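# Overview (structure and organization)
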Amino acid sequence: PYVAGITPTSATQAAQDALIRKQYDYWRTNIVRAGCGGYVVGFNSSYAMVSEGAGYGMLLSVLMAGHDSQAKTLFDGLFRVVRSHPASSTPYPALMDWRINADCSPGGGGWNAIVSMQTSAAAGGLLSVGAVGGSVLTLLPLPYPLLDDI
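Since the model is a prediction, treat every value here as computed from it, not as a measurement. (Residues numbered from 1 in each chain as written. Predicted model: local features only at pLDDT ≥ 70, side-chain atom pairs only at ≥ 80, totals over all residues. Heavy atoms only, no water.)

## Some remarks on the overall build of the protein
Our working definition: Helix numbering and strand numbering both begin at the N terminus, where a helix is a DSSP run of H or I of at least 4 residues and a strand a DSSP run of E of at least 2. Exposure classes here rest on a 1.4 Å probe applied to the protein chains alone. A residue is buried below 20% of its type maximum, exposed above 50%, and partly exposed in between. Residues are treated as being in contact if the distance between any of their heavy atoms lies within 4.5 Å.
Scanning the protein from terminus to terminus reveals five helices and six strands. Moving toward the C terminus, one meets the helices and strands of the protein in the order α-β-β-β-α-α-β-α-β-β-α. The buried share among the 150 residues of the protein stands at 43%. Once local pairs closer than 6 in sequence are excluded, the contacts in the protein between residues at least 24 apart make up 58%.

## Observations regarding the pattern of salt bridges
We apply this condition: One side-chain nitrogen of Lys or Arg within 4 Å of one carboxyl oxygen of Asp or Glu is enough to make a salt bridge.
Under the counting rule described, the total for this entry stands at two salt bridges. Here aspartate 68 ties to arginine 28 by a salt bridge, and the two come within 3.1 Å at their closest N and O atoms. Here the residue aspartate 68 occupies a position in the loop between helix H2 (51-63) and helix H3 (71-83), and arginine 28 occupies one in helix H1 (residues 13-30), the gap between them amounting to 40 residues. For the salt bridge of aspartate 76 with lysine 72, the shortest nitrogen-to-oxygen distance reads 2.7 Å. With aspartate 76 and lysine 72 both in helix H3 and four residues apart, the pair spans about one turn of that helix. For aspartate 76, a relative accessible area of 19% corresponds to the buried category.

## Regarding H1
Which entries qualify depends on this criterion: The span one expects for a helix is its residue count, reduced by one, times 1.5 Å. The directions from the helix axis to the C-beta atoms form the arc being described.
Here H1 contains 18 residues, and its C-alpha end-to-end distance of 26 Å stays within 8% of the 26 Å for a straight helix at 1.5 Å per residue. Residues of H1 that are buried: Tyr24, Trp27 and Arg28. Taken around the axis of H1, the buried residues stretch over an arc of 95 degrees, which confines them to a single face. Of the exposed residues in H1, the ones pointing more than 90 degrees away from its buried face are Ala14, Lys22, Tyr26 and Thr29. Tucked into the core, H1 has its buried residues touching strand E1 (32-35), strand E2 (38-41), H2 and H3.

## Side note on the pairing of E1
The line we're drawing: Pairing between strands is defined by DSSP: at least two bridges between them are needed.
Pairing between E1 and E2: four bridges, direction antiparallel. Along E2, the bridge assignment pairs alanine 34 with tyrosine 39. Turn length for the E1-E2 hairpin, with the two strands adjacent in sequence and antiparallel, is two residues, and the turn residue cysteine 36 shows positive phi of about 60 degrees.

Set out below in structure tokens:
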């Protein structure tokens, strides 16, 4: 059973860190792309991005800022796309629609704001104001309306 605080012993911390950087670099190069007025985390041929991809991408960009010199650019680009695709069925304009079509039009019918995306994006925004991986990000404007809307 998992016991809190246990970490893998089959590899050194340096080896684990190197693997995380390698996986992040693969994701950043092969999954993330410019599109829809910013950046999208590719989903499939029908959809440019789903909201969870945006939220987790924003969170990853902040967590990997000490490694990725373009983390602020990625975060800002994902956030631009999030803000330009609101869920129209909610009175909260900062909540993103569930998915974006390949042509960048709304793909979720405007009715579905997924909680995991909203909380991941908010966590990324909160983390972005502090020191992350040895660098300080100043990602203004931060998604404060998103925090209010959650």
